[in-house]
Amino acid sequence: MRVAVASSRLARKAVQPQQRRGFACTAQRLDNYGFIGLGQMGYQMAKNLQSKLKPTDKVSIFDVNPEAMKSLETEMKAASNGATVELAASAFDASKDADTVVTVLPEPKHVKGVYESILTSDLPKKARIYIDCSTIDPSTSRQVAKSVADAGQGTFVDAPMSGGVVGATAGTLTFMLGAAESLVPRLEPVLLLMGKKVLHCGEQGAGLSAKLANNYLLALNNIATAEAMNLGMKWGLDARKLAGVINVSTGKCWPSEVNNPVKGVIETAPANRDYRGGFGISLMKKDLRLAMFAAKEAGAKMALADTAYSVYEEAEKLDQCAGRDFSVVYRYLEGKEDWE
Ligand code: NAD
């Protein structure tokens, strides 16, 4: 897997020629974007995109939730800079004039449904780029990419992201890109208007494979960290001393170092806020389910997947865990919270 990283400074240099592509002497030419899916992530991403485009560009936004559209339009217009904003009546409407369409949707069925509604015979033929940032399974993503190509409506690529709502708001997301190498110079500048890193993972679908492999590991590391912290504390170890040992030893991982599940160990971790905010347990469960589905398709044996899934599933059933950061599995394991 070749991994190309571009910084936003480099991208800003690259973005100028990119946006003038093919219309250097017609300053009036619009660069049109369609943005579909204005939820927790998409709302903030669309805001960053629109604010960094030129007034001669246009962003057409759509969500099935009209309130999200209205509120985003108001925010974008209040900022008084960036691209022209248009409310679209449908995903089709948002895409019909667009050169670039970005989709940020919850699940595979939404991505399939939205693209079916766009790729009708009424859609004007255009060499569009469709960038899907949703976390879905690679095979659904490949099916949608094929339907775009078969319809002669351009190219569909996958660019799932990490960085959460905080990264989406700050414009610091990392995108894992699955696309032909030749498209990277066209895609990077667009993604870098919403994030700060683009990791090119391989052909279409590869971004999702990389994202799901990473999140599978995260799902396990999170449970293992909660178990190890609970175990050490049951043996009488001080939580901060134990974390201090792990974090300079071979057990070190993101859940132990950054998102430690024990209150009082890492100040900024959700454990200090009753596990509020952070990466919701339902999103972790969803990514784990997608990774398991994709593993089955690939014939990869996953010895720990079922057990890990049932941990999240059972934890989510408890009122004191539901809707919280996934590190709340420590609470599900009945780990001591007021230990100091
Ligand atoms: P969300 O549920 O907050 O937002 C999804 C939006 O899509 C909603 O506004 C919904 O109304 C809209 N939508 C649903 N069906 C639609 C349709 N047919 N047409 C138009 N709009 C439609 O989800 P989110 O948290 O923004 O996540 C979006 C994607 O990003 C998911 O695949 C998620 O797994 C992934 N992701 C989320 C995070 C996170 O921290 N929230 C982090 C990384 C990746």
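Note that the structure is a prediction, hence the values are computed from the model and not measured.

## Section: helix H6 (residues 138-150)
So, point 1. Across its 13 residues, H6 extends 18 Å between first and last C-alpha, which sits within 8% of the 18 Å expected from 1.5 Å per residue.
So, point 2. Among the residues of H6, Pro138, Ser139, Thr140, Ser141, Val144, Ala145 and Val148 are the ones counted as buried.
So, point 3. Looking at the buried positions of H6, the neighbouring elements they touch are helix H5 (108-118), strand S5 (129-132), strand S6 (155-158), helix H9 (206-234) and helix H12 (281-298).
So, point 4. Gly152 lies just past H6 and shows a positive phi near 65 degrees.

## Comments concerning the site of the ligand
So, point 1. Taken together, 22 residues form the shell around the ligand, and within it Met41, Asp63, Leu105, Thr135 and Lys286 come nearest.
So, point 2. Here the ligand, which alone exposes 840 Å², has 83% of that area covered by the protein.
So, point 3. Contributions of two or more residues to the shell around the ligand are made by helix H2 (40-52), H5, helix H7 (164-170) and H12.
So, point 4. Partitioning the shell around the ligand into residue classes produces 12 nonpolar, seven polar and three charged.

## A closer look at a nonpolar patch on the surface
So, point 1. A cluster of nonpolar residues, Leu231, Trp235 and Leu237, forms a patch on the protein surface that exposes about 360 Å² of accessible area.
So, point 2. Among the structural elements, Trp235 can be located in the loop between H9 and helix H10 (239-246).
So, point 3. Given the relative accessible area of 67%, Trp235 is considered exposed.

## Describing the UniProt feature "domain: 6-phosphogluconate dehydrogenase NADP-binding" (unreviewed entry) in the chain
So, point 1. Per the UniProt record, "domain: 6-phosphogluconate dehydrogenase NADP-binding" (unreviewed entry) is annotated on residues 33-202.
So, point 2. Taken end to end, residues 33-202 has its terminal C-alpha atoms 25 Å apart, with 41% of it in helix and 24% in strand.

## Overview of the nonpolar core
So, point 1. Of all hydrophobic cores here, the largest spans 61 residues; its most connected members are Phe35 and Met45.
So, point 2. The element contributing the most residues to this core is H2, with five residues.
So, point 3. With residues up to four places along the chain from it excluded, the contact list for Met45 reads Phe35, Val104, Cys133, Met161, Ala168, Leu173, Phe175 and Met194.
So, point 4. Counting 38 residues, the second-largest nonpolar core is a separate cluster that includes Leu218, Ala239, Leu242 and Val329.

## Notes on the packing of aromatic side chains
So, point 1. Counted according to the given criterion, the structure contains three aromatic pairs.
So, point 2. Consider the rings of Tyr115 and Tyr130, whose centres lie 5.6 Å apart with planes at 70 degrees: the pair is edge-to-face. Note that Tyr115 is positioned in helix H5 and Tyr130 in strand S5, a separation of 15 residues in sequence. Judged on exposure class, the residue Tyr115 and its partner Tyr130 are both buried.
So, point 3. What links up through ring pairs into an aromatic cluster is the set Tyr115, Tyr130 and Phe156.

Criteria and thresholds
Residues numbered from 1 in each chain as written. Predicted model: local features only at pLDDT ≥ 70, side-chain atom pairs only at ≥ 80, totals over all residues. Heavy atoms only, no water. Helix = DSSP H or I, 4+ residues; strand = E, 2+ residues; numbered from the N terminus. Expected span 1.5 Å × (residues − 1). Buried < 20%, exposed > 50% of the residue type's maximum accessible area, 1.4 Å probe, protein only. Contact = heavy atoms within 4.5 Å. Near = heavy atom within 4 Å. Areas by Shrake-Rupley, 256 points an atom, 1.4 Å probe, with all protein chains shown as cover. Nonpolar A, V, L, I, M, F, W, Y, C, P; charged D, E, K, R; others polar. Patch = residues over 30% accessible without salt bridge, like charges linked within 9 Å, V, L, I, M, F, W, Y side chains within 5 Å. Salt bridge = Lys/Arg side-chain N within 4 Å of Asp/Glu carboxyl O. UniProt positions renumbered as here; feature names shortened; annotations may be inferred. Core = buried A, V, L, I, M, F, W, Y, C linked by side-chain atoms within 4.5 Å. Phe/Tyr/Trp six-rings, centres within 6.5 Å; stacked < 30°, edge-to-face > 60°.

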